[in-house]
Every structure is written in structure tokens, then in C-alpha cells.
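Coordinate analysis (summary)
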Amino acid sequence: MKGIIFTEFMDLVEQKFGLEELDTVLSLAGDDGVYTAVGSYDHKSLVKLIVQLSQRTGISAQDLQRIFGQSVFHNLYRSLPTNSSLQNCKSTFHFIKLVEDYIHLEVKKLYPDANPPSFDFLSESETELVFDYLSARCMSHVCLGLIEGCANHYQQTVDIDMDNRVDDGSHVRFKVRLVG
Ligand code: HEM
């Protein structure tokens, strides 16, 4: 997992819970906290940090993933080069398709060791997009938060249903409905 995901996560913990809490969580997870944005690290280290933070704050690991996704969207978006496909994109559904068809592909080209999730699109209407999230990293609640952050960016309101297709969370069906 790219270091930018770790540095963004640590920034969020510091901002919401303070530097002392971040230090405690890192030390409980046996983590030295040394990450660079372009380095690559085992995604399990991020899971460990989330588990420790969850135990200390009483906020579920799923909710922490979701809050992280919501807040990281804007920084990921800002890191994108401006080009015509991005400028022409005016909606949440369109952006989610760009993520699969263009953004995550570019991420893989830039960093061959990166492993973003893949989306398998099943159906789309004006008001509903159904797709499967596929990832061995099982971070579907980060995905949920990112979609919410994306909808917020396009000033749209969405209602999201998630349906685990396998127990380990590596295959989750997302039904995103536009409600405003
Ligand atoms: C609606 C918007 C987006 C969604 C739903 C989405 C989904 C995800 C999820 C769920 C992950 C966590 C890893 C996993 O589950 O396997 C991830 C990783 C990642 N995403 Fe996205 N993403 C979005 C937008 C973006 C944007 C705008 C960028 C800009 C560069 C980006 C770059 C990355 C990178 C670098 C990783 C780490 C991959 C790795 O190191 O293995 N994503 N994405």
C-alpha cells in the first residue's frame, strides 16, 4: 500500500485525536511511524493502526475506515493532474467510473507495486449505480467513505447499500442511489 495512504491516516489521527494519541497508537501497534508518501508498505500495518485506534476510542474499525475515506477523498482528488476527462466529470457516478477506467490504472503505471481495488460495473441508470468492489485488502468501508467524500465534492446526496458477497469482505456489492 502506498505511503500516502499511511501519511494521510496519521494526519487525520493527529488532527482528530492529537499527537499524543497518535504516538500511543503507533507504539501499541509496534509501528515506528516512518512512512514516506511514495514508499510502499504492508497494508496490514494500516489495519493494525485502525484496530488499536478503535480499541482506544471505542469507535468501530468500520466507522474509522469510513471517516478516513470521507476525509482522504479531497486530498487524493487534489493530487490529480487537471486534464479534460477530469474537467468534464460533473457527477459522482461519472467519477467512480473514472477511478476504475483511468485513475487507479495510472496509479498502477506510476507505482507498479501499488494494488488499488478493482470495480466491476453491473448496472447504471440516471439514479442508481451498482458495482462490485474486489480487493484482497478488504477495505470496503474505506471505499464507502471515499464515495461519500466524492458525492460531497459534487454536491450530491447518495444512499449506499453494501452487500458482502463473501465473508472476508474481499468482494462487496455496492448499490449507490442518487437521492438529491
Ligand atoms: C470515488 C473515489 C475513489 C474510490 C471509491 C477509491 C477506492 C479505493 C480504495 C477502497 C482503496 C484502498 C485499497 C483497497 O481497498 O484495496 C484505494 C486505494 C488507493 N487509491 Fe483510490 N479510490 C478513489 C479515488 C482515488 C483518487 C482520486 C486517487 C488519486 C490518485 C486514488 C488513488 C489511490 C491510491 C494511490 C491507493 C493505494 C493503492 C496501493 O498503494 O495499493 N484513489 N482506493
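Relevant structure appears above.
Residues numbered from 1 in each chain as written. Predicted model: local features only at pLDDT ≥ 70, side-chain atom pairs only at ≥ 80, totals over all residues. Heavy atoms only, no water.

**A word on the site of the ligand**
What counts, and what does not: Note on definitions. A residue lies near a molecule or strand when any single heavy atom of the residue is within 4 Å of it. By the criterion applied in these results, polar contacts are pairs of N or O atoms within 3.5 Å in which, for protein atoms, one can donate a hydrogen and the other can accept it, and in which residues neighboring in sequence qualify only through two side-chain atoms. Each helix is a run of H or I in the DSSP string that is no shorter than four residues. Each strand is a run of E no shorter than two, and both are numbered from the N terminus. Lys, Arg, Asp and Glu make up the charged group, whereas Ala, Val, Leu, Ile, Met, Phe, Trp, Tyr, Cys and Pro make up the nonpolar group; the residues left over, Gly among them, are polar.
The environment of the ligand is formed by 25 residues, the closest being Lys-2, His-104, Asn-115, Tyr-133 and Ser-135. His-104 has a polar side-chain atom sitting 3.1 Å from a nitrogen atom of the ligand. Contact between the ligand and Ser-135: an oxygen atom at 2.5 Å from a side-chain N or O atom of the residue. Element by element, the count of residues in the shell around the ligand is highest for helix H6 (residues 92-110), at 5 residues. Residues of the shell around the ligand, tallied by class, amount to 19 nonpolar, 4 polar and 2 charged.

**Here we look at the pattern of salt bridges**
Just so we agree on the cut-off: The rule for a salt bridge is simple: a side-chain nitrogen of Lys or Arg has to be within 4 Å of a carboxyl oxygen of Asp or Glu. Relative accessible area decides the class of each residue, using a 1.4 Å probe on protein chains only: under 20% of the type maximum gives buried, over 50% gives exposed, and in between gives partly exposed.
All told, the structure shown has 8 salt bridges when counted by the stated rule. One salt bridge connects Glu-106 with Lys-109, and the closest N-O pair in it is separated by 3.0 Å. In this pair, Glu-106 and Lys-109 both sit in helix H6, 3 residues apart, roughly one turn of the helix. Take Lys-109: its relative accessible area is 62%, and that puts it in the exposed class.

**What to know about H6**
Our working definition: Throughout, the bend at a residue refers to the angle made by two axes, fitted to the seven residues ending there and to the seven starting there. Between two residues, a contact is recorded if the distance between any of their heavy atoms is within 4.5 Å.
At Val-99, H6 shows its strongest bend, of approximately 50°. For H6, the set of buried residues is Thr-92, Phe-93, Phe-95, Ile-96, Leu-98, Val-99, Ile-103 and His-104. At its buried positions, H6 is contacted by helix H4 (61-78), helix H5 (84-88), strand S1 (118-124), strand S2 (128-134), helix H7 (140-153) and strand S4 (171-178).

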